[in-house]
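Working through the structure, step by step
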Amino acid sequence: MEFRVLGPTEIYADNGHRLTVTKPRYSAALCVLLLNRGAYLTHAYLAEAIWGADLPANPRGALRASVYNLRKISGISERLRTHASGYVIQLGDTDVLDVSVFLRLGQEALEASRRADYASAVRLLERTLAVWRTPPLADLPATAVMQPLAAELLERRLTAEDA
């Protein structure tokens, strides 16, 4: 599967078919899990990321419903794990997350530059920046959790542009 968060949230199946995330809160939950892939996130943290100060009356129940609906998307249920205090997403070896591609290409460009292979460094930086589509997490709520995540990603892009 391919996951894109450097712009509006997009998911693509292995066959290239785009999968639909029907509500912004589902996208928000997925994005926070993806940006923290492999880490168990608590119910409280995820609720803050999705709703911020506008928590529903039963945030845990609403979160459970969001995760339930995420699991309906083909391929998500195999990657999304539940534990007593929250959730984690585990990506497989063949899965692609655009943030990971951006970071890997940026690191390769830096290494090429250190070797004084400036032509390769420029090509790699161009590929690094091409991963971006629009501002990261653009379709998600601007909560106290999401804003710093988006700001960090934008800062990394600016650093790559300045290189």
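Everything here concerns the structure above.
Residues numbered from 1 in each chain as written. Predicted model: local features only at pLDDT ≥ 70, side-chain atom pairs only at ≥ 80, totals over all residues. Heavy atoms only, no water.

**Observations concerning the overall build of the protein chain**
Here is the rule: Think of it this way: any DSSP run of H or I at least four residues long counts as a helix, any run of E at least two long counts as a strand, and we number them from the N terminus. Computation of the radius of gyration draws on C-alpha atoms, with the globule rule given as 2.2 Å multiplied by the number of residues to the power 0.38. Relative accessibility under 20% of the residue-type maximum defines a buried residue, over 50% an exposed one, and the middle range a partly exposed one, all with a 1.4 Å probe and only protein chains included. Contacts between residues were defined by any pair of non-hydrogen atoms, one from each residue, lying within 4.5 Å. To measure how exposed things are, a 1.4 Å probe is used in the Shrake-Rupley method; for residues, cover is taken only from the protein chains shown. For the charge count, each Lys or Arg is scored as positive and each Asp or Glu as negative, with His and the chain ends excluded. Throughout, a charge is located at the NZ atom of Lys, the CZ atom of Arg, the CG atom of Asp or the CD atom of Glu.
A tally of helices and strands in the protein chain yields six helices and seven strands. Going from the N terminus to the C terminus, the protein chain shows its helices and strands as β-β-β-α-β-α-α-β-β-β-α-α-α. Taking 15 Å as the expected radius of gyration for a compact globule of 163 residues, we find that the protein chain reaches 17 Å, a close match to that expectation. With respect to the principal axes defined by its C-alpha atoms, the protein chain has extents near 55 × 35 × 25 Å. Each of the 163 residues in the protein chain was classed as buried or not, and the buried ones make up 43%. The contacts of the protein chain with a sequence gap of at least 6 include a subset with a gap of at least 24, amounting to 63%. In the form shown here, the protein chain has an accessible surface area of approximately 8,600 Å², with 53% of it arising from carbon and sulfur atoms. If the 19 positive side-chain charges of the protein chain are averaged to one point and the 18 negative ones to another, these points end up 7 Å apart.

**Brief notes about the packing of helix H1 (residues 24–35) against helix H2 (residues 43–51)**
Selection criterion: To obtain an axis, a line is fitted to C-alpha atoms, over the contacting stretch when the element is a helix, and the angle between two such axes runs from 0 to 180 degrees between their N-to-C directions. Here is the rule for angles: anything less than 35 degrees is roughly parallel, anything more than 145 is roughly antiparallel, 65 through 115 is roughly perpendicular, and the remaining ranges are oblique. Two helices that cross are described as forming a left-handed crossing if the nearer one is turned anticlockwise from the farther one by less than a right angle, and a right-handed crossing if clockwise. Each residue gets one label: Ala, Val, Leu, Ile, Met, Phe, Trp, Tyr, Cys and Pro are nonpolar, Asp, Glu, Lys and Arg are charged, and the others, such as Gly, are polar.
For the pair H1 and H2, the least separation of the axes is 9 Å and the interaxial angle reads 130°. Relative to H2, the element H1 is oriented oblique. As for how H1 packs across H2, the hand of that crossing is right-handed. Together, Arg25, Ala28, Ala29, Val32 and Leu33 of H1 and Tyr45, Leu46, Ala49, Ile50 and Trp51 of H2 make up the contact between the two elements. Of the residues assigned to the contact of H1 with H2, the class counts are nine nonpolar, no polar and one charged.

**Brief notes about the packing of H1 against helix H3 (residues 59–71)**
Viewed as axis vectors pointing N to C, H1 and H3 meet at an angle of 85°, and their least axial separation amounts to 9 Å. Here H3 runs roughly perpendicular to H1, going by the angle between their axes. Between H1, through Arg25, Tyr26, Ala29 and Leu30, and H3, the contact on the second element is made entirely by Ser66, Asn69 and Leu70. Of the residues assigned to the contact of H1 with H3, the class counts are four nonpolar, two polar and one charged.

**Some words on the pattern of salt bridges**
A side chain with one charge can pair with a side chain of the opposite charge if their charged atoms come near. To keep it simple, the criterion reads: A pairing counts as a salt bridge when a side-chain nitrogen of Lys or Arg comes within 4 Å of a carboxyl oxygen of Asp or Glu.
Going through the model one piece at a time under the given rule, you end up with eleven salt bridges. The closest approach of N and O atoms between glutamate 10 and arginine 4, which form a salt bridge, is 3.2 Å. A salt bridge links glutamate 10 to arginine 133; its shortest N-O distance comes to 3.2 Å. With glutamate 10 in strand S2 (residues 10–12) and arginine 133 in the loop between helix H5 (118–130) and helix H6 (146–162), this residue pair connects regions lying 123 residues apart in the sequence. Using a relative accessible area of 30% as the deciding quantity, one classes arginine 133 as partly exposed.

**Things to note about the packing of aromatic side chains**
For clarity, the cut-off: Only Phe, Tyr and Trp rings take part, Trp by its six-membered ring, and two of them pair if their centres are within 6.5 Å. Stacked means planes under 30 degrees apart, edge-to-face means over 60, and tilted covers everything else.
One pass over the structure, following the stated rule, counts one aromatic pair. Measuring from centroid to centroid gives 5.5 Å for phenylalanine 102 and tryptophan 132, while their planes differ by 80°, and the two rings are edge-to-face. A residue pair is termed long-range when its members are at least 10 positions apart, and phenylalanine 102 in helix H4 (residues 98–114) and tryptophan 132 in the loop between H5 and H6 qualify at 30 residues. Each member of the pair, phenylalanine 102 as well as tryptophan 132, carries the same accessibility label: buried.

**Some words on the sheet that holds strand S1 (residues 2–4)**
Two strands in a sheet stick together by hydrogen bonds in their backbones, pointing the same way (parallel) or opposite ways (antiparallel). For the record, the criterion: Here, a strand pair is defined by DSSP locating no fewer than two bridges between the strands.
Across the sheet, which stays open at both edges, the four strands sit in the order S3-S2-S1-S7 with mixed pairing between neighbours. A strand with exactly one partner marks an edge of an open sheet, and here the two such strands are strand S3 (18–19) and strand S7 (96–97). Pairing between S2 and S3: two bridges, direction antiparallel. When the bridges of S3 are listed, tyrosine 12 appears paired with arginine 18.

**Considering H1**
We count it as follows: To estimate how far a helix should extend, the number of its residues minus one is multiplied by 1.5 Å.
Relative to the 16 Å expected for twelve residues at 1.5 Å per residue, H1 spans 16 Å between its end C-alpha atoms, a close match to the ideal helical length. With ten of twelve residues buried, H1 lies mostly within the body of the structure. Three or more residues of H1 are buried, namely Tyr26, Ser27, Ala28, Ala29, Leu30, Cys31, Val32, Leu33, Leu34 and Leu35.

**Here's the deal with the pairing of strand S5 (residues 80–83)**
Bridge count between S5 and strand S6 (residues 86–89): four bridges; the pairing is antiparallel. Within S6, the residue paired with histidine 83 across the bridge is glycine 86. Counting the residues that bridge the hairpin from S5 to S6 gives two residues.

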